[in-house]
Every structure is written in structure tokens, then in C-alpha cells.
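Descriptive structure summary
The chain contents come next:
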Amino acid sequence: MKNRHRIQFPVADVRELCQDEVYFYLETAESREKIRLHEYDRIFAVPGLYEQVVYDRLKCQSPTTVVDVLRYSVSQSQQQFNGLRVLDLGAGNGMVGEELKKFGVSRLVGADIIREARDATERDRPGIYDAYYVMDFSSLTDDEREELRAWSLDSLVCVAALGFGDIPAAAFLEAFNMIAKSGWIAFNIKETFLDRSDDSGFSRLIRELLFSKYLDLYHLQRYRHRFSIEGEPLYYFALGGKKNADVPPAFVDEIGLSA
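Described in the following lines is the structure provided in the data block.

Reading the values: the criteria
- All residue numbers here refer to positions counted from 1 along the written sequence of the relevant chain.
- Local features are withheld for residues below a pLDDT of 70 in this predicted model, meaning they are given only at 70 or higher, and side-chain atom pairs are given and counted only at 80 or more; totals for whole chains, interfaces and linings count all residues.
- Derived side-chain values reflect all non-hydrogen atoms in the structure, with water molecules and hydrogen atoms excluded from consideration.
- Elements are defined by DSSP. Helices are runs of H or I of four residues or more, strands are runs of E of two residues or more, and each kind is numbered from the N terminus.
- Based on C-alpha atoms, the radius of gyration is set beside the globule rule, defined as 2.2 Å times the residue count to the power 0.38.
- Residue exposure (1.4 Å probe, protein chains only): buried if accessible area is under 20% of the type maximum, exposed if over 50%, otherwise partly exposed.
- To measure how exposed things are, a 1.4 Å probe is used in the Shrake-Rupley method; for residues, cover is taken only from the protein chains shown.
- For the charge count, each Lys or Arg is scored as positive and each Asp or Glu as negative, with His and the chain ends excluded.
- To locate a charge, the coordinates of NZ of Lys, CZ of Arg, CG of Asp or CD of Glu are taken.
- Should DSSP find at least two bridges between two strands, the strands are taken to pair.
- For helices, the fitted line uses only the C-alpha atoms of the stretch in contact; every axis is such a line through C-alpha atoms, and the angle between N-to-C directions lies from 0 to 180 degrees.
- What makes two residues a contact is simply this: any of their non-hydrogen atoms within 4.5 Å.
- Aromatic pairing here means that ring centres of Phe, Tyr or Trp (its six-membered ring) are within 6.5 Å. Orientation follows from the plane angle: under 30 degrees is stacked, over 60 is edge-to-face, and everything else is tilted.
- Exposure above 30% relative accessible area and the absence of a salt bridge qualify a residue for a patch, where like charges join within 9 Å and nonpolar side chains (Val, Leu, Ile, Met, Phe, Trp, Tyr) within 5 Å.
- The salt bridge criterion pairs a side-chain nitrogen of Lys or Arg with a carboxyl oxygen of Asp or Glu, the two atoms within 4 Å.

Details of the overall build of the chain
Across its full length, the chain holds 9 helices and 10 strands. Radius of gyration (C-alpha) of the chain: 18 Å, near the 18 Å computed for a compact globule of 259 residues. Each principal axis of the C-alpha distribution contributes one length, and for the chain these read about 55 × 40 × 35 Å. Relative to its 259 residues, the chain shows a buried fraction of 52%. A total accessible area of about 12300 Å² is found for the chain, and carbon and sulfur atoms account for 47% of it. Measuring between centres, the 32 positive side-chain charges of the chain sit 5 Å from its 41 negative side-chain charges.

As C-alpha cells, then:
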């Protein structure tokens, strides 16, 4: 039986907080600990806590939705889904990997910037990934690039890790360029990315990428990512497409992003 934790959401109205500043309380017989939803190192250290808060209480649908978008995109080609060699960027504790594994993929490689994510995956979902790397994609070494390229990756999945500084635009592009030409890309992003008033680096990058020669969009879907602490639905977009070519450094300069 899974551990059930005593969780309390704040009584006060927290609507003024940014989505990555929202918090909850973890209560035990000895203490009452305040934890932000994006403090992944602290959350992953407690078995079952992330699942209970994000999936059971807040009803997150992103792993299943983005994997479905990837499957639908691939179905529009002659390629077989179970032949994909997937990089799960920002893999966390393996929730997305578990969804991908249900449908079978040839190879599944996880990557995250924090060691606690890999530790949680090995603890709670052993064997999901063929390999799980703790790497900073904003500053990969030549040896790290060589090791990743040895997997001959042809698909990139990134779920709920974009747009809040969890994965910078430069890191996403590094992963994008790791994927083979004519490979598949699937990810999600908060719904405001289509709004020109959202001037965040990642939103600008995606808007430009969608109209570039480097990515063909196959599917765009608005959906409920999860509920907020106050019970209000938070909507995201899930995108699926096919890569046409690597994104050169000049493209980053053209849209005013630092590499």
C-alpha cells in the first residue's frame, strides 16, 4: 500500500502568487513543513508525495496528454510508435516515462538536472528507463553530448518543465538538436505562450519555432493541465510535430535570445 501523507493547502488566498511560488504544507506528528510545488528536490525525497499532491489532489493530466499527442503525431506518418528512441527531458520521477512505456518504445532515455529526480525514479519506478542522466543541458560537456548521441535519439518529450525557468530555452534547443532529422517532438507549455504579451524566452522561442523551417507542427491541443490550489483549472497547450533540421545559433540571435 502506498504511503498517504497529511497535506494541507494554504487557507489564505494565494492567487497573487506565480504558479511556481505556490506552496502546500506537509504535516507529520513532529512537524509542519512548508514546501513549494516546484521544490522538486524536497518533494521527490518523500516517496509518493509528488503523486499525491500533483496527480491525486490537483488532477494533473499532462503526462497522458502529451504522450497521446506524440502518438497521434506519429500516427500521421509511416513510422511505428514502438520503434521510437525517446529522450524524456526534465524526466522528474518517471511519470512520463511510465506512460511511454505502456505503449512500448524502442529506447527510453531520461534526463533531469537534479539527482533527487533520478533517485526517486530508481526508487519508485526501477527499470522504466534504459538510462537516466543527471545533466545540465544548458552546459553539456563534449563527453556528455557524445554519450547522448550514441543512443541515436529520434524523439524528444518534455512535460510540465518549460516556461518557469525549470528548463531554459537554450537547454531545450540543445535537446532539440540532439534529435535526428525527421525526428518527433512533443511537449507542453502554459496557454499564454501564444499571447504576444508573454515575453518569456521560452514562449518567444516556441512562437518563432512554429513558423520556422526547423519544425512542422502536426498537432496543437489546449487542455486542462491541472487544477490550481484554489480549485481553478490551469490550461496548457500540448504540441506535437516533426523536426526538419537543427536550430542554428543564428536563429537564437535573430529572435533576441541569449544562447
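Regarding the sheet that holds strand β3 (residues 32-36)
Pairing in this open sheet of 3 strands is antiparallel, and the strands run β1-β2-β3 from one edge to the other. The open sheet has two free edges, formed respectively by β1 (6-8) and β3, since each of these has just one partner strand. Each strand axis lies, on average, 30° off the axis of its neighbour in the sheet, ignoring direction. With 5 bridges connecting them, strand β2 (residues 23-27) and β3 associate as antiparallel partners. Paired with L26 across the strands is E33, a residue of β3. Against the sheet, helix α2 (residues 49-57) engages β1, β2 and β3, with an angle of about 50° to β1.

A few points about the packing of aromatic side chains
In this structure the tally under the stated criterion is 11 aromatic pairs. Seen from their ring centres, F44 and Y50 are 5.3 Å apart, and the 65° between their planes marks the pair as edge-to-face. Taken as a pair, F44 and Y50 share a single burial class, namely buried. Here W184 and Y218 contribute two aromatic rings whose centre-to-centre distance is 5.2 Å and whose plane-to-plane angle is 85°, an arrangement assigned as edge-to-face. With W184 in strand β8 (residues 184-190) and Y218 in strand β9 (residues 215-227), the pair connects residues that are 34 residues apart, well separated along the chain. By relative accessible area, W184 is classed as buried at 0%. With a relative accessible area of 27%, Y218 lands in the partly exposed category. Among the aromatic residues, ring-to-ring pairing joins Y40, F44, Y50 and Y55 into one connected group.

So, a nonpolar patch on the surface
There is a patch of nonpolar side chains on the surface, built from L194, L217 and L220 and spanning about 240 Å² of accessible area. Relative to the assigned elements, L194 resides in the loop between β8 and α8 (201-210).

Some thoughts on a negative patch on the surface
Taken together, D41, E116, D119 and E122 make up a surface patch of like negative charges. Broken down by element, the negative patch gets its largest block of residues, 3 residues, from helix α5 (residues 115-124).

As for unusual backbone geometry
Both trends apply: most residues other than glycine have a negative phi, and most peptide bonds are in trans. One non-glycine residue, K59, lies in positive phi territory at about 55°. The topology assignment puts K59 in the loop between α2 and α3 (62-75). Assessed through its relative accessible area of 42%, K59 is described here as partly exposed. A positive phi is found at S152, a non-glycine position, where the angle reads about 50°. For S152, a relative accessible area of 48% translates into the label partly exposed.

Topic: the pattern of salt bridges
A full pass over the atoms with the stated rule returns 14 salt bridges. In this structure, E51 engages R125 in a salt bridge whose closest nitrogen and oxygen atoms are separated by 2.8 Å. Residue E51 is located in helix α2, and its partner R125 is located in the loop between α5 and β6 (131-134); the two are separated by 74 residues in the primary sequence. For the pair shown, E51 and R125 are each scored as buried. Bridged by salt links that share partners, the residues R6, E27 and R32 form one connected network.

Considering the environment of F227
Within the fold, F227 resides in strand β9. The exposure class of F227 is partly exposed, given its relative accessible area of 26%. Sequence separation of F227 and G97 is 130 residues, and the distance between their C-alpha atoms is 22 Å.

These values are about where atoms sit, not about what they do.
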